[in-house]
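# Chains, contacts and geometry: an overview
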2 protein chains.
Amino acid sequence: MENPVLAEVTRGNTVESRHRGAAIVLDADGGVVFSVGDVERPVFPRSAVKAIQGLPLFESGAADRYGLSEPEIALAVSSHSGEPEHAETSLAMLRKAGRDAGCLECGTQWPMGEAAARAMAKAGQEPSALNNNCSGKHAGFVCLACGLDEDPAGYVKAGHAVQQAVRGALEEVTGAAHSSERMGIDGCSIPSYAVPLSALALGFARFGTGHGFGPERAKAAARIRKAVAAHPFMVAGTGRFDTRAMEQLGARLFTKTGAEGVYCGALPELGYGIALKCDDGAGRAAEIAMAALIARFLPMSEAEAQAFAPLRENILKNWNGVEVGRVRAAAF
Amino acid sequence: MENPVLAEVTRGNTVESRHRGAAIVLDADGGVVFSVGDVERPVFPRSAVKAIQGLPLFESGAADRYGLSEPEIALAVSSHSGEPEHAETSLAMLRKAGRDAGCLECGTQWPMGEAAARAMAKAGQEPSALNNNCSGKHAGFVCLACGLDEDPAGYVKAGHAVQQAVRGALEEVTGAAHSSERMGIDGCSIPSYAVPLSALALGFARFGTGHGFGPERAKAAARIRKAVAAHPFMVAGTGRFDTRAMEQLGARLFTKTGAEGVYCGALPELGYGIALKCDDGAGRAAEIAMAALIARFLPMSEAEAQAFAPLRENILKNWNGVEVGRVRAAAF
């Protein structure tokens, strides 16, 4: 049984490319609101679960011990574009724990945003680990290690107290076993565990509501949601989907992209969690599918719907700025 | 009936992403050597047919009138990375026809190669149409227009003599109707016509052998193949698949990438033409599928096979240079 087409790419009057995948929307009791495709096949959530990976930073008390600000909290669960404000905020987090960029184990990456990368090159600068799209999460990991009175060195390894805490949170929140047979290494060197989309959707339904969480975890989730809603630039960057979506809809929405076509999110007022993956790993299709699910379930005023419309269909322009096609949702 | 998986992406022991598509290998009489998936559905070949689009440049006499060199001929059928040598060669072609970069209608593009783009930014330079990956083809179009004693202005439009000649060559070589209902606008603003993969494979079997061509067309195809084999850097760029493949195998091979997961090629000594498309438009999968077909059909010595092996499996490394997964062929 093959997964259905979630999004298609047109050129002229012809469909040029097709993206298959699976998607599920659950309520916080695990009730299925919507489901297409095989939502039980294990997928690597990659960066889409950063908000869940960030819970121990709060539950351990480290976030308060180091007085992390709201923009820093948003950055701790981000896949940022490596713009100057992102890199500076990462460094500020590390300094609060008495550390610096030398502690980061995510590797050096030119800013994900091409314009930011070229601006950096133009200024004669070279990137550091602070520009890595995961540097905020890693700065949070360093804070967590210090908060646990653990040596941060090796915090990316599966056996380190930081990754043990992160894995524990993921297992408890999603209800899925995170097994070493289903472990891969992520782009930033930490473990990623393949789990079903259904478990990810349940995890985000809980994350969005606190339903089924103890009081500390519920409070931690609420702080993260509030911080990201207030500072959506920090969770992604200029022109990025998550930033644009939450700039418009604020705390009514939580969305987070992951590499290889994964998207997770929550619609807190409805109690819904969302998880999807495009089989082929295409981010362009995952975004459009996520937008379609948001538009389908989240009540919007006419003005809100109009403002949100550009996120639902990606108009493709060529090098002369001429519209040549679109990425549009299918199967929704 | 869904297309099979042509390539899959692993992370750890798990398949993370899957790329479906169709592929066909034909001989120059149209005999089917190999076929998977739906090879009759129309697909936009995009830049994969630049070598066929380049035939009128020779058949018109323009290439000789302006004394185009072998590197310039290779660039005329390229999707280059916008490296300095590519941009300079485009300009040299235009100057031979008494024109300059102001004639190019492909639009401005930062070099496709990220390192080349950053080097340009670092030098305080801004890109021009010469850096557009299609500038060589467009310089060829300007030469063709001048050779036909036509005003180059508007040479990207379907009604211009240049595009009429190009469409005529495409129809004759592939044997497929190129209809305006199946027309889209390409990234560089010229028309692209969706045709079946089977027609593209037939076209490249003919292109690789001259079989079924008149003497002028056969000579033009041979000149293009020879030029690209001698200057594979010109047809793509540093580290690119087409450049690496033809650096290794020279005139035994002709391959050309197209946007949205298309690949076309020829194995002249066998008389085979190849065409494939990944449904989702993924270039990473199209390359691996192309490499698998080459390895399956082209006889190689042990040393050749060993040198070609890195093109058959793409090892994915993270920001710390650690291997995290692979892109590998399936269905071959």
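Along every chain, residues carry numbers that run from 1 in the direction the sequence is written. Chains carry letters from A onward and ligands carry numbers from 1 onward, assigned in written order. In keeping with the predicted nature of the model, local features appear solely for residues at pLDDT of at least 70, side-chain atom pairs appear and are counted solely at 80 or more, and the whole-chain, interface and lining totals rest on all residues. No hydrogens and no water enter the side-chain calculation; it runs on all heavy atoms of the structure.

With an unreviewed UniProt entry as reference, chain A is termed Asparaginase, source organism Bosea lathyri.

### Quick look at the relation of the copies chain B and chain A
Operational definition: A residue counts toward the fit only if its pLDDT is at least 70 in both copies, and the copies are then superposed by least squares on the C-alpha atoms of those residues. In this analysis, two residues are considered to be in contact whenever any of their non-hydrogen atoms come within 4.5 Å of each other.
Expressed as a screw operation, the relation of chain B to chain A combines 0.0 Å of axial shift with a rotation of 180 degrees, fitting to an RMSD of 0.0 Å. Those values place the two copies in the arrangement expected of a two-fold rotation axis. Of every C-alpha in chain B, the one belonging to B:Lys122 sits nearest the axis of rotation, 2.0 Å from it. Of the interface residues in chain B, 100% have counterparts in chain A that sit at the interface too, so the contact is made through matching surfaces.

### Concerning the confidence of the model for chain A
Keep in mind that low pLDDT regions are not for reading the predicted coordinates in detail. Which entries qualify depends on this criterion: Per residue, pLDDT measures the predictor's confidence, with a range of 0 to 100.
With 100% of its residues at a pLDDT of at least 70, chain A reaches an overall mean of 97. Across the whole predicted complex the pTM is 0.96, and at the interface the ipTM reaches 0.96.

### A look at the layout of surface pockets
What counts is decided by this rule: Grid spacing is 1 Å over the protein atoms alone, the probe is 1.4 Å, and a cavity is where that probe fits but cannot get out, while a pocket is an open set with protein on both sides within 12 Å along at least five of seven lines and lining residues have an atom within 4 Å of a point. Grid points are joined across faces, edges and corners, and a volume is the space filled by probe spheres set on the points. Only DSSP runs of H or I covering at least 4 residues are called helices, and only runs of E covering at least 2 are called strands; the numbering of each starts at the N terminus. The residue classification treats Ala, Val, Leu, Ile, Met, Phe, Trp, Tyr, Cys and Pro as nonpolar and Asp, Glu, Lys and Arg as charged. All others, Gly included, are polar.
For the second largest pocket, the calculated volume is near 790 Å³. Together, 30 residues line the second largest pocket, and A:Arg46, A:Met112, A:Gly258, A:Ala259 and A:Glu260 are the ones closest to its centre. Mapped onto the lining of the second largest pocket, the elements with two or more residues apiece are helix H12 (241-249), strand E8 (254-258) and helix H13 (283-297) of chain A together with strand E11 (314-317) of chain B. The class makeup of the residues in the lining of the second largest pocket is 10 nonpolar, 11 polar and 9 charged.

### Quick notes on the packing of helix H8 (residues 161-174) of chain A against helix H9 (residues 197-209) of chain A
All names here are of chain A. The test is simple: Convention adopted: a line fitted to C-alpha atoms gives each axis, helices being fitted over their contacting stretch, and angles between N-to-C directions are expressed from 0 to 180 degrees. Working definition: roughly parallel below 35 degrees, roughly antiparallel above 145 degrees, roughly perpendicular at 65 to 115 degrees, and oblique for all remaining angles.
Running from N to C, H8 and H9 point in directions that differ by 90 degrees, and their axes come no closer than 8 Å. One element, H8, and the other, H9, form an angle in the roughly perpendicular class. Contacts between H8 and H9 pair Glu172, Val173 and Thr174 from the former with Ala199, Leu200, Leu202, Gly203 and Arg206 from the latter. By residue class, the composition of the contact of H8 with H9 is 4 nonpolar, 2 polar and 2 charged.

### As for the pattern of salt bridges
Keep this limit in mind: A pair is scored as a salt bridge if a Lys or Arg side-chain nitrogen falls within 4 Å of a carboxyl oxygen belonging to Asp or Glu. Buried, partly exposed and exposed residues are distinguished by accessible area as a fraction of the type maximum, computed with a 1.4 Å probe on protein chains only: under 20%, between the cut-offs, and over 50%, respectively.
Inspection of the entire model under this criterion finds 36 salt bridges over all chains. Residue A:Arg46 pairs with B:Glu16 through a salt bridge whose shortest N-O separation is 3.1 Å. Residue A:Arg46 is found in the loop between strand E4 (42-43) and helix H1 (50-53), and its partner B:Glu16 is found in strand E2 (residues 14-27); the two belong to separate chains. Owing to a relative accessible area of 7%, A:Arg46 belongs among the buried residues under this scheme. According to the relative accessible area criterion, B:Glu16 is buried, its value standing at 3%. Salt-bridge contacts for B:Asp186 lead to B:Arg46; the nearest nitrogen and oxygen are separated by 2.8 Å. Taken together, the residues span a long stretch of sequence, with B:Asp186 in the loop between strand E5 (183-185) and strand E6 (191-193) and B:Arg46 in the loop between strand E4 (42-43) and helix H1 (50-53) at a distance of 140 residues. The residues B:Asp186 and B:Arg46 share a single accessibility class, namely buried. The structure contains a network of salt bridges with shared partners spanning A:Arg11, A:Glu16, B:Arg46 and B:Asp186.

### A short note on the pairing of strand E9 (residues 262-267) of chain A
Residues and elements named next belong to chain A. Put simply, the test is: A strand pair is defined by DSSP finding two or more bridges across the two strands.
For E9, a buried count of 6 out of 6 residues is recorded, marking the element as mostly surrounded by other parts of the structure. If you look at the hairpin formed by E8 and E9, you'll find 3 residues sitting between the two strands, and Glu260 has a positive phi there, around 60 degrees. Sheet topology places E9 next to strand E10 (residues 272-278); 6 bridges connect them, and they run antiparallel. When the sheet's bridge partners are listed, Val262 is paired in E10 with Lys277. Where E9 hands over to E10, the hairpin turn is made up of 4 residues, of which Gly271 adopts a positive phi near 75 degrees.

### Points about the state of the cysteines
The condition that has to hold: Disulfide: a pair of cysteine sulfur atoms within 2.5 Å of each other.
In total, this model carries 0 disulfides over all chains according to the counting rule given. Cysteine A:Cys188 remains unbridged, with the sulfur of A:Cys134 as its closest cysteine sulfur at 3.9 Å. Take B:Cys278: it sits in no disulfide, and the sulfur closest to it among the cysteines is that of B:Cys264, at 12 Å.

### Details of the interface of chain B and chain A
Operational definition: Once two parts are joined, some of their accessible surface, as seen by a 1.4 Å probe, is lost; buried area is that loss totalled over both.
Taken residue by residue, the interface counts 45 residues in chain B and 45 residues in chain A. Note on chain B versus chain A: buried area summed over both sides is about 3,900 Å², and carbon and sulfur give 46% of it. Sorting the residues of chain B by area buried against chain A places B:Arg11, B:Arg118 and B:Trp319 first, and these three jointly supply 17% of that buried surface. Applying the counting criterion to the chain B and chain A interface returns 6 salt bridges. The residue B:Arg20 makes a salt bridge to A:Glu2 at a minimum N-O spacing of 2.5 Å.

### Let's talk about the environment of A:Ala169
All names here are of chain A. One can find Ala169 in helix H8. Among the residues examined, Ala169 registers a relative accessible area of 1% and is labelled buried. Each C-alpha atom, one on Ala169 and one on Gly184, is 18 Å from the other, the two residues being 15 residues apart in sequence. In contact with Ala169, not counting residues within four places along its chain, are Ile52, Pro56 and Arg217.

### Regarding the packing of helix H6 (residues 114-122) of chain A against helix H6 (residues 114-122) of chain B
When two helices pack together, you describe them by how their axes are tilted relative to each other and by the distance separating the axes. What counts is decided by this rule: By definition, turning the near helix anticlockwise from the far helix through less than a right angle yields a left-handed crossing, and turning it clockwise yields a right-handed one.
At a closest axis distance of 7 Å, the pairing of H6(A) and H6(B) adopts a crossing angle of 45 degrees. One element, H6(A), and the other, H6(B), form an angle in the oblique class. Crossing of H6(A) against H6(B): the hand is right-handed. Here A:Ala117, A:Arg118, A:Ala121 and A:Lys122 of H6(A) come into contact with H6(B), specifically with B:Ala117, B:Arg118, B:Ala121 and B:Lys122. Class assignment for the residues of the contact of H6(A) with H6(B) results in 4 nonpolar, no polar and 4 charged.

### Some details on the packing of aromatic side chains
Residues and elements named next belong to chain B. Here is the rule: Stacked, tilted and edge-to-face are the three classes applied to pairs of Phe, Tyr and Trp rings, where Trp contributes its six-membered ring and a pair requires centres within 6.5 Å; stacked means planes under 30 degrees apart, edge-to-face means over 60, and tilted covers the rest.
If you walk through the whole model with that rule in mind, you get 16 aromatic pairs over all chains. Between the aromatic rings of Phe207 and Phe254, the centroid separation amounts to 5.2 Å while the plane-to-plane angle is 55 degrees, which identifies the pairing as tilted. Of this pair, Phe207 sits in helix H9 (residues 197-209) while Phe254 sits in strand E8 (residues 254-258); the two residues are 47 residues apart in sequence, bridging distant segments of the chain. Residues Phe207 and Phe254 agree in their burial class; the two are buried.

### Examining the side chain of B:Glu8
Mapped onto the secondary structure, B:Glu8 falls in strand E1 (residues 5-11). Once residues within four sequence positions are removed from consideration, B:Glu8 is found in contact with B:Val15, B:Ser17, B:Arg18, B:Arg326, B:Val327, B:Arg328 and B:Ala330.

### Focus on H9(A)
All names here are of chain A. Applicable threshold: The length a helix should cover is 1.5 Å for every residue beyond the first.
An ideal rise of 1.5 Å per residue puts 18 Å on 13 residues; H9 measures up with 18 Å between its terminal C-alpha atoms. Counting buried residues in H9 gives 11 out of 13 residues, a clear majority hidden from the surface. Regarding H9, the residues found buried are Leu197, Ser198, Ala199, Leu200, Ala201, Leu202, Gly203, Phe204, Ala205, Phe207 and Gly208. Gly210 occupies a position one or two residues after H9 and carries a positive phi of about 80 degrees.

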